[in-house]
Amino acid sequence: MSWTAIVPLKAAAERKTRLSEALDGDAKAALAEGMAYHVIATLADSSAIGSIRVLSPVSFDIPGTTWEPDLGKGLNAELDRVCAALAGERMVIVHADLPLLCAEDVSALLGAADGVGAAIATDRHGVGTNALALREAACVGFAFGPDSLAHHLARLPHAVVLQRNGLAIDIDTADDIAAAQGALPLGRW
């Protein structure tokens, strides 16, 4: 049975607002778009992923994806709605700002969820959630946002927690960009 990947993606004007002091508008937009395409391409390369839905308020013409309209009720409510429609199916949520994501990260996350039912990929600080996989989609009351790892573990106490660079290093601030650059061999950023 294949997995359905959900990639939340804000409207262009709302992406990466915390980077406004570090990057101008065009650079910020290019970075956000490049990361989203990278995450989607990485998911598409996984033989375990059967479909990719981009959850967004605006449609995107990204080959190999399906647009899942964001109805404006907030990320967690929107994910609960999508999850309800996928009840019982394998589902993975992966945020679109993971520039180091690789196939091995996707395999590790899905493999862990297959083993115990749920897996959570934490951010590099060990407090946030950058990806979450459920072997059987169930509305757990998603809690993306501040301290989301603790909130998700309270709802999914059996979940495996992974911390891998490709899943942990998300880009929200200039410090995150430096962390991503530091995790790569010279010249790869």
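Look a little higher up for the structure.
The structure presented is a predicted model; accordingly, all values stated were derived computationally and were not measured.

1. Comments concerning the sheet that holds strand β3 (residues 66-69)
Then, number 1: The strand order across the open sheet built from seven strands is β3-β2-β1-β4-β6-β5-β7, with neighbouring strands paired in mixed fashion. Two strands bound the open sheet, and with one partner strand each, they are β3 and β7 (160-162). Between one strand axis and the next, the sheet turns by 20° as a mean value, whatever way the strands run.
Then, number 2: For strand β1 (residues 3-8) and strand β4 (residues 90-94), the ladder comprises four bridges, and the chain directions are parallel. Paired with A5 across the bridge in β4 is V92.
Then, number 3: Helix-sheet contacts for helix α2 (residues 75-85) involve β1, β2 (49-56), β3 and β4, and the interaxial angle to β2 is about 145°.
Then, number 4: Strands β1, β2, β4, β5 (118-122), β6 (129-134) and β7 of the sheet are contacted by helix α3 (residues 103-116), whose axis makes an angle of about 145° with β5.

2. Here we look at the pairing of β6
Then, number 1: Where burial is concerned, most of β6 is hidden: six out of the six residues are buried.
Then, number 2: Note that β4 and β6 share four bridges and pair antiparallel. Among the inter-strand pairings, I93 is bridged to a residue of β6, identified as L132.
Then, number 3: Note: β5 against β6, five bridges, orientation antiparallel. Considered in β6, the bridge of A118 is made with L134.
Then, number 4: Between β5 and the antiparallel strand that follows it, β6, lie six residues; G126 among them carries a positive phi value of about 75°.

Procedures and definitions
Residues numbered from 1 in each chain as written. Predicted model: local features only at pLDDT ≥ 70, side-chain atom pairs only at ≥ 80, totals over all residues. Heavy atoms only, no water. Pairing = 2+ DSSP bridges. Helix = DSSP H or I, 4+ residues; strand = E, 2+ residues; numbered from the N terminus. Axes fitted to C-alpha atoms, helices over the stretch in contact; angles between N-to-C directions. Contact = heavy atoms within 4.5 Å. Buried < 20%, exposed > 50% of the residue type's maximum accessible area, 1.4 Å probe, protein only.

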